[in-house]
Structure formats: structure tokens, C-alpha cells
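# Survey of secondary and tertiary structure
Spelled out, the chains give:
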Amino acid sequence: MIRNYFKIAWRNLRKRKSVALINILGLALGFGCAILIFLFVQFHLTFDNFHGDSDRIYRLVTEMHSDGIKYRPTVPPGLPNVFKNDYNYAEKVVKAVVYGKQLISPESGESAYRFKEDVTFVGPDFFQIFNFPLYNGNFSDQLSAPNTAIITREMAKKMFGDGNPINRTFVMENKETIRVTGILENLPKNTLITSQVFISSKTLPKYNTWLSGDSWSGLSGNLRCYTLLRSNQNLLQIEQKMEEWSSKYRPNSENSKHYYKLQPLHQIHFEPRYGDGINVKLLWILGAIGFFLILIACINFINISAAQSVYRSREIGVRKALGSFKDQLFRQFLIETFLITFVALIIGLGLSILFLPFFNNTFNLSLSANGLLNFRFVGFITILLTSVAFLAGSYPGIILARIAPVLALKRKLTQRDAGGSLIRKILVTTQFAISIILIIATLVIGKQIQYAINTDLGYDSTAIVMVDLPKDIEPFKLNALKNKIAQSANIKHISACMTSPGAPITDWGTGVKLSKKPEEEDFLIQAKMADKDYLNTFDIQLAAGRNFTEKDSVSEVLVNETFVRKVGMNSPEELLGKPINISGDFIQGRIVGVVKDFHDRDFEKTISPVFIAQVPHNKSRYRELGIKINKTNTRKTLKYIEQQWAFYFPDFIFEYDFLDNRVAAMYKSEQQFLALTRLFSLLAIFIGGLGIYGLVSFFVAQKTKEVGIRKVLGSNVIDILGLFSKDFFKLIGIAGLIASPIAWYFMNDWLQNYTYRTQINWWVFVLPIGCILILTLLIVSYKGYKAATANPVKSLRTE
């Protein structure tokens, strides 16, 4: 019996090839998108779930409470030792210090082998918490001595080729020689640990005595602290105990209270507040989009199959006359649906693999088709196949099964008898509404990104080259390099600085005292350490006063307009000449100027109080050069800068980036989301268009004789096109009325993430409805015009 069902199903598919093609193509596109989304969601949901005892691994983080709440994925350098030595909460506690873009020179010393790589200083306990397996050997004696390192197999290949890397050496930052003592298996992509070079923590004091010590005076973005708690610990009790540490170890910190928290390992990837991973809402949104794409394809199938049921009425009538029951007819149609769905699934799987490289490129991922070779995917695809086949096949199957055999055999079956037109209109309206919502979302996201990029940032980011400086650069060499580069006619301005004005990686918040007050202000101020050329290079405007002058010690400071408002002044001029102390005794001077506000971070955050001052030469160093160039001969100018760099720093790699690229990178996640919504909007429109084409084709065939009669009675082409299109236009209008408030609600909620945001204008709702109307009109016009211009004699000769 089952074999007979499949045989009849195959014959029916071959008989109506165009209908089968529309159904299969629509479902295949939906399946392909669903599989890609599955790979994406699976990748993110499995982050760091491969560690043993992962439920007991936590990261220690800080909530900073001052004039607001700021979240930092770090703790003071002294906290890990207190947590480990003074309490019995944890089996292991490790301090991990990450340094980005460190110059690595393998033992050969050849410049061709030099490159920059992130490195992490850790102790042996790090690999007792995180279960990254060694390629050879064991962890018993690893990282126990200074100047030793463990590297991944990939890094070993990069450093030493195919030779044995054990006990071979490399030089970091042209200073310390590091010996390789162990090789790790390559780290998986779905882990928060991204470094491939792990250096013994006993080497850290040579690089940073503050981070390697027991200070509680501040926070560093380079430091992370991880712990493996003992079983059955009370997290609330531990955090309550840590709450006491802020006042105990951080005296005079009433205006900036720190709360230290335990962040579970499995939550780190989904906590954007701390700057890690992605917002879990994105996974829900992608899952919903995948569901809606498949739903649109199912609606196509249901509508077209229900409409086509008239053509199968005689078959059903004969089957019922010969004794077939409703449940047998229902099973027959479900099997036909299953066959179509299965074929669509195979095609969709092929499409997902074909477009996987594009998907990886869009999201900067390295997903592989190997991610489909697991029980999770088998379960997912089985549920998907079964659900879609049942959803798409049930309603048309019920319609076919209930057809009255007398009407079918007498050929008196109408569309009303074959299936309710009301349900079909509801389904088509739903299809239109989903497409409109996706288009509105695409427009709003694109509008916000353009608003962020094109809005005046308060500084100039065009034609500015940012060059990384070596660590601990000698001041006389830096000045010599600056002066030499500035001699070129293609160089407008040049400045040495810690970071550019809007650098997202910098968030150095520190205490500030104004006018020798005994207590600090109740807010933190952000540092922009730079030389006197900073304002000219980045075109930052003064609101009052003058620029600072460079001296042997820091005696002059600039602040921004937000700082003026924070301290309760009515005008910038009131601050000029007032004494200011920043970060204790780090900077002591007077305010000589107030700059206009500029966006020191992305548009999600408000503009911070900012100060600009030179670096105290005995305490810190600049990290970057900002070079304003003439855009007429960019390549020649960059070549000139590189030549001067090679003369002064022959042992370091010349690396640069354009500032406007950095500004655009701040909205990378939004750009990715925009690309995805654009893609899925187009797919939704295309799948919906297939359904409209199928329905219009059927309606045109059904009304062929009616069209002939109307033409004989004097109707023109426009009248006949209106006959086919008016119902669709009504449904699009209803869909627009339903979709617009839904889209407004969700997109308005999404925009609340941004302190500075665009407006949702009326045209955002009108344009998608207009696009759907035009698409529908084109399809209806194409099919309707052929019917309207056909010879009515041919359609009426059988009457």
C-alpha cells in the first residue's frame, strides 16, 4: 500500500511539473536558510561546553557604580591572590594577562619570519581549569619556569615549519627569549580563549610589574581572572563576601564603588555588557526569521495545493466511488507532500553547503559542513522535515478528502467546494505581512548605521592613518620620527597618542578632583593621552581657552563640554585656570581649555567626561601615531611613512590602519545583521513571489472563459488586469496595516539600545508596501496580459 502511495505521488508530481517546481523551490530555499541558521546557532550555543566541570568554571568581573553602572570583564590585579589564598571557595584560581599584537621573532632571526600575535601570560593552573589538550607530553612541568611557553600546533607550524618545536625559542618584542616547552592541539573556534601563545606568568613581571603584583588601585583591560569553584558553593554568599573587598582594599573609593561578581563560563559569550560575544536576542531573531521563511514556503504550498484541488476532483471522485476512505485519501496526499518536502530538503542541504562560504564571510566565521555530522542536526532535520510535511500537507489533504464524489464526477466542483477562500486570503496576507516586516527591519537597521557613520562625530576620521608604535619607545626617537614624517608635503598633521578620539578599545575611567576639593567627583573621567598636535590632527574644536603646551611635567589639561556639565558649571569659561587632579597624583595641573564634545565611544553609549593631556614621560608611553595625509597620493605617502619607520625602527613591523575603517568596524555586528536581514528579505520576497505566480497562474486558467466573455462584451486589457489584481492589492493593504505596528514596536525597541539614534520615518512603512505592490503588479500583469490578449474564440469554442 505504501509503495502504491509513493508511485501515485510520483505520477502526480510529473503530471504537474510547474506546480511541483514552485513548491520544491520555495521549500528548498526555506530549508537552506534554516540549515545555515542551525549551523550559526549551534556554533554559538556550544561555546566552551567541551571543558570538564564547565559548570564550575567562572570569570571574575567588576561592576563599577559611580554616576552610572559600568561593566568590566576584569578585576584588580590583587583580587586573584586574595580569592585564592584567603578563602577556600575555589580549587583553582588563575590570572590571565593578554597582550595583543606582540612582535614574535622565531629563533632563526630572519625578518621574513617575524609577525605579530596575541599572547597570554598564565600559570600552570590555567590548563587545569580549561581542558585544552596537549599534542604531546603532559602539563605537569609546563609553564613552571620563567621565559617558557606553550603554543598551538598551528602556531608551531607558523614559527618553526615542520621541525620539532620543543625547546626551540622565539624572541618577543625584541627583548625576551622564550623557550617552547609544550604543544597544544589547535584551539576550537567556539571558545573565548583566542591566543595561541601562552607564556609563563613568571615572565610577566618583566613586562608589567603592576599587573603581576597585588595592587587594588585600578582595572586593566589586559587582565582576566578565572576560577574553578569547589562543588556545591553558594554563589550569593561568595559575592556578598567580595562586596566587602571594595571598601577594605580600595580606600577613598566612596564615589566609585566596585562590586565583584562571578560570571558563569556558559554565559560569557552572551554577555555583551562585558564586551564579549553576541546578544542572545540575535539567535532568537535568526531562529524566528528561519521559521518565517519556512512558513512562507508552507503557505505557498498550502495555497497552491488547495487551489489545484479542483484539477484532482475527478481522481478523488473515482477513488471515493470505488470505496476509498477519507483517511486513505489524507495519507495519500501527506505522502505526496512528504515526497516534495524530502526532495526540497535535499536541494536545500545542497544550497546551504554551496552558500556556506558566503555566510562565513558575512559573519567572519569558519563554519563547516562537518557541523551537520552530529545527532543534533539529525534530530533537527528530522523534526523539521516531519513538521513541514505535516504542516504543508494537512490542510490540502483535508480539503481533498472531503470532496463530494457526486460533484467531482459531474464536474460541478467550485473553488468554494474545494477549499475556503477566506483561509487562503488569511495565509496570503500573513505571507505579505512577514515580507513587509523584514523589509522594514532592513530599512531601519540600514538607516541607523548610516546615521552613526554620517553624523558629525565631533572629530575628523577621514584620511587619517593610525600607526602602531613599539612598546616603551624612547621619546627622542619618537620626536625624530614625527619630525621626519612631517617634512613630507603630503603630511598635514601628525600626533602621538594613546588612542584615537573614538577608539572603542579604550575605556580608561579614573577619578578626578577639581579645585583641590578633598573628595573626588561622583563620576569617572576618560583619558585621552596625547601630544599638543592631537587637536589639529583630528580636527577637535575648542569651545573655550587654548590648547595645552608640552612641558617636562604635566601642568596643563583640556576637558570636554560634558565635563563642564558634570561639575555643574554654567559655561566652559568658568573652568579655565582651575586646578585639577586626575587619578590621584598621576596628573596635577590646571585646565587651560575646553574642547567641544566628540563621540569617544560608539552611539550605544553617551559621551563621557574626557580629559586630554600629554603623557608623563616617567610613567607611561604613547601607543599610536595619528597621521593626517593628503588624499591625492595615498600610496606614495604610505610608502614614505614606511621608509621613515624602517629607518628608526628596523626591528619592528610597520602596521597601519585608516581611522575611518576603525569607525566603520565599531558597527560591524550591525553591518552583519543588516546584510542578513537584506538577504532574508529578498528570499522572503522571492519565495512569496513564487507563491503569487503559482496562484495567479491558476486563477488565470480558471477564469479563461470569463475573460473571453468579458472581451466579447467590450472589456479592455486594463479592466481584465484589474479583475486579477484587485483582490491581491486589498490583501497587501491589509498586510501593511498589520505589519507596520508590529515592525514599529520591535524596531523601536531595537533602537533603544542606542543613546544616539535615528528616527523611524513614515516612508519606512510605505516603501515596503509599495515594493510588494509593484512585485505583485508585475506578476499579475505578466500572466493577466497573456490572458487578456488571447483570442476569445479559443476559450469559448467549447461552450
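Scroll up to find the structure this text is about.
Residues numbered from 1 in each chain as written. Predicted model: local features only at pLDDT ≥ 70, side-chain atom pairs only at ≥ 80, totals over all residues. Heavy atoms only, no water.

### Here's the deal with the packing of helix α18 (residues 475-486) against helix α21 (residues 634-648)
The geometry of α18 relative to α21 is characterised by a closest axis approach of 10 Å and an angle of 155 degrees between their N-to-C directions. Here α18 is positioned roughly antiparallel relative to α21, judged by the angle of their axes. Crossing handedness for the pair α18 and α21: right-handed. Contacts from Lys477, Ala480, Leu481, Lys484 and Ile485 in α18 reach Tyr640, Ile641, Gln644, Trp645 and Tyr648 in α21. By residue class, the composition of the contact of α18 with α21 is seven nonpolar, one polar and two charged. (Axes fitted to C-alpha atoms, helices over the stretch in contact; angles between N-to-C directions. Helix = DSSP H or I, 4+ residues; strand = E, 2+ residues; numbered from the N terminus. Parallel < 35°, antiparallel > 145°, perpendicular 65-115°, else oblique. Left-handed = near helix turned anticlockwise from the far one by under 90°. Contact = heavy atoms within 4.5 Å. Nonpolar A, V, L, I, M, F, W, Y, C, P; charged D, E, K, R; others polar.)

### Considerations on α21
Here α21 contains 15 residues, and its C-alpha end-to-end distance of 22 Å stays within 8% of the 21 Å for a straight helix at 1.5 Å per residue. Looking only at α21, the buried set comprises Thr637, Leu638, Ile641, Gln644, Trp645 and Tyr648. The buried residues of α21 occupy one face: seen down the axis, they fall within an arc of 125 degrees. Within α21, the exposed residues directed more than 90 degrees away from the buried face are Arg635, Lys636 and Phe647. Here the buried face of α21 lies against β12 (464-468), α18, β13 (491-497), β22 (624-629) and β23 (656-658). (Expected span 1.5 Å × (residues − 1). Buried < 20%, exposed > 50% of the residue type's maximum accessible area, 1.4 Å probe, protein only. Arc of directions from axis to C-beta.)

### With respect to the packing of helix α2 (residues 17-45) against helix α13 (residues 356-363)
With their axes 11 Å apart at the nearest point, α2 and α13 run at an angle of 45 degrees to one another. The pairing of α2 with α13 is recorded here as oblique in orientation. The element α2 and its partner α13 pack so that their crossing is right-handed. Mapping the contact onto sequence places Leu36, Leu39 and Phe40 in α2 and Leu356, Phe359 and Phe363 in α13. For the contact of α2 with α13, the class distribution of residues is six nonpolar, no polar and no charged.

### What to know about the pattern of salt bridges
If the charged atoms of two oppositely charged side chains come close together, the side chains can form a pair. Under the defined criterion, the tally for this structure stands at 22 salt bridges. Among the salt bridges present, the one from Asp468 reaches Lys101, with a minimum N-O distance of 3.6 Å. Here the residue Asp468 occupies a position in strand β12, and Lys101 occupies one in strand β3 (residues 90-106), the gap between them amounting to 367 residues. Classification of Asp468 as buried rests on a relative accessible area of 17%. A residue is classified by how much of its surface remains accessible, and Lys101, at 48% relative accessible area, is partly exposed. Put simply, Lys241 and Glu244 hold a salt bridge, and the shortest N to O gap is 3.6 Å. Sharing partners across several salt bridges, the network here consists of Lys482, Asp531, Lys532 and Asp533. (Salt bridge = Lys/Arg side-chain N within 4 Å of Asp/Glu carboxyl O.)

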